[in-house]
Amino acid sequence: MRKMRSEVYNQSTCIVSQAAYQYYVEERTRAEISENLGLSSPTISRLLKRAKKEGIIEFKMTEPYLTCYQIQEELQESCGLKSVIVVPITEDETKENEESIKKQVALEGARYLQRMIKDGDTVGLGWGGTMYHLIQYLNPCRKVNAGIVTMHGDIAGCNPKLDAKTLVRRAAMAFGGRNVSIVAPGLYTSVGEVERIKEQKNCQEIFDLFEQIDMSVSGVGSLYPDFDSPLATLNYLNQEEMEVLKKEGVYSDILLRFLKKDGQECDTSLRDRTLAISLETYKKIPCKIVVASGRKKALSVDTILKGGLVDVLVMDYHLAQELMKLRQMNENETA
């Protein structure tokens, strides 16, 4: 008798729709529905599965959330990334809300970092406007005994709030861990000056520490088609250096390193006059997180993807759309 009664209920779309409505619309628990319909909890679970399978209940992800998810999946698979996070910005990108979008991306970057970091990790930090906000968003209630190290020399002369050692110190305070900074400028007038700094004991120890970094977080600067990166606009580079980079075909910068369209480092004297982690060492870091915002960064993000300089990419919806258009154009040109 029980078996016959169960089969009757299982064949009834009426009972399926009742269970689905009570669960998904009225948000009742399975236990409440079970008691209301006089059915066991396992039966309710089967009815809910059938409701989805037969289209009695349907789910729809709205925009821009659907596109964000699709881009995440496509980029992660096609580029071999560990993770892609596309922040669903609902408003159009304008000059007025540029900073607001940057903060939303920085917040997601901070959340990802705090989800992944663990005791004993060594984390390398880069400089930048997005990084400035990211570090402000770190939750001080989530303490982790991790080491924080700057991955390049000081650029405080450009903008005090972007001072790398200050950012590292604040990050270490948030996590409750230790911090190590390069107390020296990021760019020198000669290779000899850089070599002398590297020979100092404390600097040698930091460069040795670069080899032990488990996770890094940085932004990326835009230098094509316009020199929008703060390294250009805040007088880090002089006019002659900018002209040399333009001739070399510079597209972007990351960690004070300048990249061409193919993601390779520009072959200029700046490479040897810069006090920063080398790209060869940087590539060995197991988890390289890059946070970026704004459509104009699409070419820059494309260069770091081509250069294998990112494992986890955090960006906003508008940048993600522009990046996908760019990659589609590249595919069509090579087809």
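For the structure, check the block above.
The sections below set out a description of the structure shown in this document. Predicted model only: the values in this text are computed from it and were never measured. (Residues numbered from 1 in each chain as written. Predicted model: local features only at pLDDT ≥ 70, side-chain atom pairs only at ≥ 80, totals over all residues. Heavy atoms only, no water.)

## Thoughts on the environment of R271
Working step 1: By the element assignment, R271 lies in helix α13 (residues 270-273).
Working step 2: It is 7.9 Å that separates the C-alpha atoms of R271 and F258, two residues lying 13 residues apart in sequence.
Working step 3: Setting aside residues no more than four positions away along its own chain, R271 makes contact with R257, E265 and C266. (Helix = DSSP H or I, 4+ residues; strand = E, 2+ residues; numbered from the N terminus. Contact = heavy atoms within 4.5 Å.)

## A word on the layout of surface pockets
A water-sized probe rolled over the atoms picks out the places where empty space is left.
Working step 1: Quantified by volume, the largest pocket comes out at close to 570 Å³.
Working step 2: Along the wall of the largest pocket there are 30 residues; nearest its centre are K102, G129, T130, P230 and K297.
Working step 3: Residue assignment for the lining of the largest pocket shows that the elements contributing at least two residues are α6 (98-116), α7 (129-136), β6 (221-222) and β7 (250-254).
Working step 4: The greatest single-element share of the lining of the largest pocket, amounting to 4 residues, is contributed by α7.
Working step 5: The class makeup of the residues in the lining of the largest pocket is 9 nonpolar, 12 polar and 9 charged. (1 Å grid on protein atoms, 1.4 Å probe; cavity = no way out; pocket = protein on both sides within 12 Å on 5 of 7 lines; lining within 4 Å. Points joined across faces, edges and corners; volume = space filled by probe spheres on them. Nonpolar A, V, L, I, M, F, W, Y, C, P; charged D, E, K, R; others polar.)

## Details of a negative patch on the surface
Working step 1: Side chains of E73, E74, E77 and E331 sit close together on the surface and give a patch of like negative charge.
Working step 2: The leading source of residues in the negative patch is helix α5 (residues 65-79), at 3 residues.
Working step 3: Note that E331 resides in helix α16 (residues 317-334).
Working step 4: The class for E331 is partly exposed, based on a relative accessible area of 45%. (Patch = residues over 30% accessible without salt bridge, like charges linked within 9 Å, V, L, I, M, F, W, Y side chains within 5 Å. Areas by Shrake-Rupley, 256 points an atom, 1.4 Å probe, with all protein chains shown as cover. Salt bridge = Lys/Arg side-chain N within 4 Å of Asp/Glu carboxyl O. Lys, Arg positive; Asp, Glu negative; His and termini not counted. Charge placed at Lys NZ, Arg CZ, Asp CG, Glu CD. Buried < 20%, exposed > 50% of the residue type's maximum accessible area, 1.4 Å probe, protein only.)

## Describing the packing of α6 against α7
Working step 1: Where α6 contacts α7, the two axes come as close as 8 Å, and the packing angle between them is 55°. By the criterion of interaxial angle, the relationship of α6 to α7 is oblique. Seen along the crossing, α6 lies across α7 with a hand that is right-handed. Taken together, the residues of α7 that come into contact with α6 (itself represented by E99, K102, K103, A106, G109, A110 and L113) are G129, T130, H133 and L134.
Working step 2: Along the lines of polarity and charge, the residues of the contact of α6 with α7 split into 4 nonpolar, 4 polar and 3 charged. (Axes fitted to C-alpha atoms, helices over the stretch in contact; angles between N-to-C directions. Parallel < 35°, antiparallel > 145°, perpendicular 65-115°, else oblique. Left-handed = near helix turned anticlockwise from the far one by under 90°.)

## Some details on the packing of aromatic side chains
What characterises a pair of aromatic rings is the spacing of the ring centres plus the angle enclosed by the ring planes.
Working step 1: Counted under the stated rule, the structure contains 4 aromatic pairs.
Working step 2: Measuring from ring centre to ring centre gives 4.2 Å for Y224 and Y251, while their planes differ by 20°; the resulting arrangement is stacked. Taken as a pair, Y224 in the loop between β6 and α11 (230-233) and Y251 in strand β7 lie far apart in primary sequence, 27 residues in all.
Working step 3: Residue Y224 is classed as partly exposed on the basis of its relative accessible area of 36%.
Working step 4: A connected cluster of aromatic rings, assembled from ring pairs, spans Y23, Y24 and F59.
Working step 5: Across the ring face of F227, the terminal group of K246 is positioned such that the distance to the ring centre comes to 5.0 Å. (Phe/Tyr/Trp six-rings, centres within 6.5 Å; stacked < 30°, edge-to-face > 60°. Lys NZ or Arg CZ within 6 Å of the ring centre and 35° of its normal.)

## Remarks on the pairing of strand β9 (residues 287-292)
Working step 1: The buried fraction of β9 amounts to 6 of the 6 residues, a majority that puts the element mostly inside the structure.
Working step 2: The alternating pattern of β9 places C287, I289 and V291 and K288, V290 and A292 on opposite faces, both of which are buried.
Working step 3: Pairing of strand β5 (residues 215-218) with β9 involves 4 bridges; the strand directions are parallel. Bridge pairing in β9 places S216 opposite K288.
Working step 4: Direction of pairing for β9 relative to strand β10 (residues 312-316): parallel, over a ladder of 4 bridges. Residue A292 lies in a different strand from β10, and its bridge partner there is M315.
Working step 5: Handedness of the crossover joining β9 and β10 through helix α15 (residues 298-306): right-handed. (Pairing = 2+ DSSP bridges. Right-handed = clockwise from strand over helix to strand, strands pointing away.)

Spatial relationships are all this shows, so hold off on functional conclusions.
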